[in-house]
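The lines below spell out each chain.
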Amino acid sequence: MTNALVPLRWYAGLAVVFFGLLPATMVTLLVARGNTPSAVGFLLIGGIPLVLAAVVFAVRGMLGAAEPEVAARRLNLSMALVAGADVLLLGGNALIRMAS
């Protein structure tokens, strides 16, 4: 019997890094340099806490859970939070840039 939690841990960790931390950092650098409209900075107010919550749930899912169901739920929640942060940060950035 294979452990389905091992690949989920890898995918959740990669999702948090590549789809959570890197886009948030890139949008933050764009706002800090002034290369975007000023309204894009307001997206960081909602996006950064989502990414930080995703990091917390991913770490708790990878390290802390003794039961596989609890770990899987935390890892799935972290990937959902990353997806929400991407929609907010990247989609909002694109919509604001198209409108201005």
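A few points on the structure. Owing to the predicted nature of the structure, the values given are computational and were not obtained by experimental measurement.

**Considerations on the overall build of the protein**
Secondary structure assignment for the protein yields 3 helices and 0 strands. Taken from N to C terminus, the helices and strands of the protein fall in the order α-α-α. Judged by the C-alpha coordinates and their principal axes, the protein covers about 55 × 20 × 15 Å. Going through the 100 residues of the protein one by one, you find that 33% of them count as buried. Put simply, 76% of the contacts in the protein that link residues at least 6 apart link residues at least 24 apart. As presented, the protein carries roughly 6,100 Å² of accessible surface, and 74% of it is formed by carbon and sulfur atoms.

**Some thoughts on the nonpolar core**
A general tendency of soluble globular proteins is for nonpolar side chains to be buried together. Counting 8 residues, the largest nonpolar core consists of Ala24, Val27, Val40, Leu43, Leu44, Val51, Ala85 and Leu89. Of all the elements in the fold, those that place two or more residues in this core are α1 (5-33), α2 (40-64) and α3 (68-99). With 4 residues, the single largest contributor to this core is α2. When neighbours within four sequence positions are excluded, Val27 is seen to be in contact with Val40, Leu44, Leu89, Leu90 and Asn93. Counting residues in each nonpolar core, the second largest holds 6 residues, with Leu5, Ala12, Ala71 and Leu75 among its members.

What counts and how
Residues numbered from 1 in each chain as written. Predicted model: local features only at pLDDT ≥ 70, side-chain atom pairs only at ≥ 80, totals over all residues. Heavy atoms only, no water. Helix = DSSP H or I, 4+ residues; strand = E, 2+ residues; numbered from the N terminus. Buried < 20%, exposed > 50% of the residue type's maximum accessible area, 1.4 Å probe, protein only. Contact = heavy atoms within 4.5 Å. Areas by Shrake-Rupley, 256 points an atom, 1.4 Å probe, with all protein chains shown as cover. Core = buried A, V, L, I, M, F, W, Y, C linked by side-chain atoms within 4.5 Å.

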